[in-house]
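A structural walkthrough
Residue strings, one per chain:
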Amino acid sequence: MAGELPFEKPLVELHDKIKELRRFTEEKGIDFSDEVKRLEQKAKELADQIYGNLTPWQRVQLARHPERPTTLDYIQLLFTDFMEIHGDRLFGDDQAIVGGIARLDGRPVTIIGNQKGKDTKDNIRRNFGMAHPEGYRKALRIMEQANKFGRPIICFINTSGAYPGKAAEERGQSEAIARNLRQMATFGVPIICVVIGEGGSGGALAIGVGNRVFMLENSYYSVIAPESAAAILWRDSSLGMRAAETMKITAPDLLELGVIDGIIPEPFGGAHRDVAMQADAVKKVLLEQLEQLSQLSPDELVQDRYEKFKQIGEYASL
Amino acid sequence: MLKDLFGKKRKFATVPSENLTRVPASGDQAKEAGVREKEVPEGLMNKCPHCGTIHYSKDLEKNLRVCKGCQYHYSISAPERLALLLDDGVLTEEFDTDLITSNPLGFPGYLEKLEQDMANTNLNEAVVTGEGLLEGNRIVVGVMDSRFRMASMGSVVGEKITRAIERAIDRRLPFILFSASGGARMQEGVLSLMQMAKTSAALAKLDRERLLYISVLTNPTFGGVSASFSSLGDYNIAEPGAMIGFAGRRVIEQTIRQELPKDFQTAEFLLQNGQLDMVVHRKEMRSTLAKLVEMHTSTPREGVETWQESSPLKSLS
Ligand SMILES: [Zn+2]
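What you see as residue numbers is a count from 1 along each chain, following the sequence as written. Whichever chain is written first becomes A and whichever ligand is written first becomes 1, with later ones labelled in order. Reporting in this predicted model follows two pLDDT cut-offs: at least 70 for local features of residues, and 80 or more for side-chain atom pairs to be given and counted; totals over whole chains, interfaces and linings ignore these cut-offs and use all residues. Processing note: side-chain calculations cover all non-hydrogen atoms of the structure and skip hydrogens and water entirely.

Looking up chain B in an unreviewed UniProt entry gives the name Acetyl-coenzyme A carboxylase carboxyl transferase subunit beta, with the organism given as Brevibacillus panacihumi. UniProt positions are given in the numbering used here, feature names are shortened, and annotations may be inferred rather than shown by experiment. Database annotation for chain B, UniProt heading Subunit (unreviewed entry): "Acetyl-CoA carboxylase is a heterohexamer composed of biotin carboxyl carrier protein (AccB), biotin carboxylase (AccC) and two subunits each of ACCase subunit alpha (AccA) and ACCase subunit beta (AccD)."

As annotated in an unreviewed UniProt entry, chain A is Acetyl-coenzyme A carboxylase carboxyl transferase subunit alpha from Brevibacillus panacihumi. Here chain A is described in UniProt, under the heading Subcellular location (unreviewed entry), as follows: "Cytoplasm".

The following block contains the structure:
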């Protein structure tokens, strides 16, 4: 198993041992098949135990897994005829967000997504998936175009947050995010958002105002990255684990809080274990939801989205 | 990040006394008011956190809580803001005073902190909303109060602002919001984040109804508040020296490993970078807002003509 996480170590060790015994059986002709069988059973139980009881912090680690499928992976597996379109027409082309048009089961759709890199070089180009204002403005331009042509919009959310940099502030990071929030509320086309990895704060929400919002089983969605929350709440960024537990950021948490509409199951051990299977699960949801939403008129879609967000929040009356 | 923003803020308790000598901190009353023996007794005098000028509190009050030395605009409470802004100094109708915060995440210690802030401020939450008169013009107005949880935005703040916008739509009135906030409220997690979308969607409706929205950004306005309704005014106005931004200065410095200019994220810096329409001194705020509102009203005051009325084309049709 490549890229294993710390909590997966016992399982990895067990698998290594099984491998070793098999090699022994082959090379030395000693029969360890009973032992192998026993250990395989044990490995299965251990995997059930680990992956069936993932803690919030472990899910955060899975959501950030370097091999976790990205927006471009889903684009390749889910759609046909994808054409990437570039630039905000104001400043530049932010590679931390990709956008374009494609077909989903033959029908044209618009796709927007945060894009993390696959390796260091790619990550530098993608700024680790953290967009500048021009990224959000590119997304808005592409969404406006979708609205004009009546194309549904599909957003893949996967960012630790909007980039906290000098240039980003100078060019109006706040305004870019805010404008997206307002304008996404006005589009008369279906908008479906899927959190595929990290849903980090306003930088995620800026492409997250959908009629339907789904999360992959091991993704997270939070007002702020757990480490930053810990730094603010307890002045110690190493308490990310505690923040992850306290702040209710997992998919089941968000479903319970009424923020998302559903959870898309992941393959055992996380989306990266079987990307094709994961893509199928996402596609199934997208098709179902598009089918439902296409029954609504543009005005109804706007109203539906308004009501969805209007009801989020908890308070009491005196 | 948040502490940086607020670390400079001084306690400003108004203890009526003309006595310039050291205040004898006697008994429980003084203790409650936070009065201690100091060279500059709090309440009676105040030292500007910016330039060090020492003011009599009474004089500072008279100067709208603006430093005479450097024009530093002290934070003011929501009731104080409304007193400066509205005819008769108060709302004609206050909205949603019955909404109070619950603890949706079961966050440890949260309710206790809220109770403290409610007791200290006499407010139900960090924003006051309502209808009032601005130089005779009916407006819907909201004012955030940074004494309450640094005016961070949780469910109640989001809901109150959204309802205020909806009432502005129902009553066809301009909406003015004074923001001051550390951002989204950590203790309500993702529910706080979603208030950004909720309030912005309400502003989209207001926009569609062609109603005026003026956002006034005061010190400090950051994070989820800056990245939602505060940046969405038809006019975005700030008070001089107000610190405004998405990310906090320290976070940015740690990220880019480079020192930021001294005036970074000040109102003046934002104006220079094209992010604001104007920076308006507290003394001019009321008249500026009234002028703006009247510029957009369909029933102007007597003697003020609309374009349609005065247009030479009118006689042609
Ligand atoms: Zn001063």
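Points about the nonpolar core
Core analysis: the largest hydrophobic core is formed by 133 residues, its most contacted members being A:Tyr221, B:Phe175, B:Ile176 and B:Leu289. Per-element accounting of this core gives the leading share, eleven residues, to helix α7 (residues 189–208) of chain B. Ranked by size, the runner-up nonpolar core spans 26 residues in total, among them A:Leu78, A:Leu104, A:Val109 and A:Ile196. Residues grouped as a nonpolar core are buried Ala, Val, Leu, Ile, Met, Phe, Trp, Tyr and Cys residues, joined through side-chain atoms within 4.5 Å. Classification of residues uses two cut-offs on accessible area relative to the type maximum, computed with a 1.4 Å probe and protein chains only: under 20% is buried, over 50% is exposed, and between them is partly exposed. To qualify as a helix, a DSSP run of H or I must reach at least 4 residues; to qualify as a strand, a run of E must reach at least 2; elements of each kind are numbered from the N terminus.

Side note on the UniProt feature "domain: CoA carboxyltransferase C-terminal" (unreviewed entry) in chain A
The positions UniProt marks with the feature "domain: CoA carboxyltransferase C-terminal" (unreviewed entry) are residues 35–292 of chain A. Spanning residues 35–292 of chain A, this segment combines 46% helix with 19% strand, and its end C-alpha atoms are found 52 Å apart.

Some thoughts on the domain arrangement of chain A
Residue and element names in this part refer to chain A. Where each domain starts and ends follows an automatic or database-derived domain assignment. Once the domains are mapped, chain A shows domain 1 (6–53) and domain 2 (60–311). Distance from the C-alpha centre of domain 1 to the C-alpha centre of domain 2: 38 Å. In this assembly, six residues from domain 1 lie in contact with five residues from domain 2. The term buried area means the drop in 1.4 Å probe accessible area that two parts suffer when joined, counted for both and summed. Roughly 480 Å² is buried in total at the junction of domain 1 and domain 2, and carbon and sulfur atoms are behind 66% of that figure. Counting the surface domain 1 buries against domain 2, the share from its top three residues, Phe7, Glu8 and Tyr51, is 76%. Any Lys or Arg side-chain nitrogen found within 4 Å of a carboxyl oxygen on Asp or Glu counts as a salt bridge. The tally of links from domain 1 across to domain 2 stands at one salt bridge. Its salt-bridge partner being Arg273, residue Glu8 comes within 2.8 Å of it at the nearest N-O pair. Any pair of N or O atoms that falls within 3.5 Å is considered a polar contact. Within protein, one atom must be able to donate a hydrogen and the other to accept it, and sequence-neighbouring residues count only if both atoms are side-chain atoms. At the junction of domain 1 and domain 2, the tally comes to one residue pair in polar contact (both at pLDDT 80 or more). Two residues qualify as a contact provided that any one of their heavy atoms is within 4.5 Å of a heavy atom in the partner residue.

Let's talk about the packing of helix α14 (residues 298–310) of chain A against α7(B)
Every axis corresponds to a line fitted to the C-alpha atoms, with the helix fit spanning only the stretch in contact, and the corresponding angles, defined between N-to-C directions, vary from 0 to 180 degrees. At a closest axis distance of 8 Å, the pairing of α14(A) and α7(B) adopts a crossing angle of 140 degrees. Relative to α7(B), α14(A) is oriented oblique. Crossing handedness for the pair α14(A) and α7(B): left-handed. Across from A:Asp299, A:Val302, A:Gln303, A:Tyr306, A:Phe309 and A:Lys310 in α14(A), the residues of α7(B) making contact are B:Met194, B:Ala197, B:Lys198, B:Ala201, B:Ala202, B:Lys205 and B:Arg208. By residue class, the composition of the contact of α14(A) with α7(B) is seven nonpolar, one polar and five charged. Should an angle lie under 35 degrees it is considered roughly parallel, over 145 roughly antiparallel, and from 65 to 115 roughly perpendicular; all remaining angles are considered oblique. Less than a right angle of anticlockwise turn of the near helix away from the far helix marks a crossing as left-handed, whereas a clockwise turn marks it as right-handed. Residues were grouped as follows: Ala, Val, Leu, Ile, Met, Phe, Trp, Tyr, Cys and Pro as nonpolar; Asp, Glu, Lys and Arg as charged; and all remaining residues, including Gly, as polar.

Let's talk about the coordination of the zinc ion
Residue and element names in this part refer to chain B. In this analysis a donor is any N, O or S atom within 2.8 Å of a metal ion (3.2 Å for sodium, potassium and calcium), and since water is not included, sites may seem incomplete. The coordination sphere of the zinc ion, as far as protein atoms go, consists of Cys48 (SG), Cys51 (SG), Cys67 (SG) and Cys70 (SG), spread over 2.2 to 2.4 Å. Labels for metal geometry use angle windows, namely 85 to 135 degrees for all angles of a four-donor tetrahedral site, and for square planar (four donors) or octahedral (six donors) sites opposite donors over 155 degrees apart plus all others within 65 to 115; sites meeting none of these are irregular. Seen from the zinc ion, its four donor atoms lie at angles of 103 to 115 degrees, and the figure they make is tetrahedral. Counting the intervening residues between successive donors of the zinc ion yields the motif C-x2-C-x15-C-x2-C. With Cys48 in the loop between β1 (45–47) and β2 (54–56) and Cys67 in the loop between α3 (57–62) and α4 (78–85), this pair connects stretches of sequence that are 19 residues apart. Judged by relative accessible area, Cys67 falls into the buried class, the value being 0%.

Here we look at the interface of chain A and chain B
Size of an interface, as often reported, equals the accessible area lost when the parts are brought together. Counting residues at the interface gives 50 residues for chain A and 61 residues for chain B. Each partner contributes to the roughly 4,800 Å² buried at the junction of chain A and chain B, and carbon and sulfur atoms together form 69% of this total. For the chain A face of the interface with chain B, the top three residues by lost area are A:Arg182, A:Tyr306 and A:Tyr315, together amounting to 14%. Along the contact surface separating chain A from chain B lie two salt bridges. Among the ionic pairs, B:Glu159 bridges to A:Lys310, the shortest N-O distance being 2.7 Å. Inspection of the chain A/chain B interface yields 21 residue pairs in polar contact (both at pLDDT 80 or more). Taken together, the elements giving at least two residues each to the side of chain A that touches chain B come down to α7 (166–170), α8 (173–184), α9 (201–205), β7 (220–222), α10 (226–234), α14 and β9 (315–317) of chain A. Grouping the constituent residues of the side of chain A that touches chain B by class yields 26 nonpolar, twelve polar and twelve charged. In this scheme, strands are said to pair when DSSP sees at least two bridges between them. Relative to strand β4 (residues 99–101) of chain B, β9(A) runs antiparallel, the two sharing three bridges.

Digging into the domain arrangement of chain B
Residue and element names in this part refer to chain B. Assigned domains of chain B: these are domain 1 (44–73) and domain 2 (75–295). Just the C-alpha atoms count here: the centres of domain 1 and domain 2 sit 24 Å apart. Residue-level contacts link eight residues of domain 1 with ten residues of domain 2. For the pair domain 1 and domain 2, the summed buried area comes to about 820 Å², and 49% of that belongs to carbon and sulfur atoms. Interface area lost by domain 1 to domain 2 is led by Leu64, Arg65 and His73, which between them contribute 74%. Seen at the junction of domain 1 and domain 2, the total is one salt bridge. Glu80 is the salt-bridge partner of Arg65, the closest N and O atoms lying 2.8 Å from each other. For the side of domain 1 that touches domain 2, the residue count by class is three nonpolar, three polar and two charged.

Thoughts on α10(A)
Residues and elements named next belong to chain A. Those residues of α10 that sit buried are Pro226, Ala229 and Ala230. Seen from one end, α10 has its buried residues packed into an arc of 100 degrees, which puts them on one side. Each element contacted by the buried residues of α10 is listed here: α3 (56–63), β7 and α11 (240–246). Two residues or fewer after α10 comes Arg235, characterised by a positive phi angle close to 55 degrees. The arc in question is the one spanned by the directions pointing from the helix axis to the C-beta atoms.

Some words on the packing of aromatic side chains
Classification of ring pairs uses Phe, Tyr and Trp, with its six-membered ring standing for Trp, and accepts pairs whose centres are within 6.5 Å; under 30 degrees between planes counts as stacked, over 60 as edge-to-face, and the remaining range as tilted. The full count for this structure, using the stated rule, is seven aromatic pairs over all chains. Geometrically, the ring pair formed by A:Tyr51 and A:Phe268 is edge-to-face, given 5.4 Å between the ring centres and 70 degrees between the ring planes. Within this pair, whereas A:Tyr51 is found in helix α2 (residues 33–52), its partner A:Phe268 is found in the loop between β8 (262–264) and α13 (275–293), the two being separated by 217 residues in sequence. Ring geometry for B:Phe264 and B:Phe269: centres 5.1 Å apart, planes at 70 degrees, overall edge-to-face. You can call B:Phe264 buried: its relative accessible area is 0%. Geometrically, a charge over a ring is one whose NZ (Lys) or CZ (Arg) sits within 6 Å of the ring centre while staying within 35 degrees of the ring normal. Here A:Arg171 stacks its cationic end above the ring of A:Phe91, 3.8 Å away from the centre of that ring. Its end group placed over the ring of A:Trp234, A:Arg242 keeps NZ or CZ at 3.9 Å from the ring centre.

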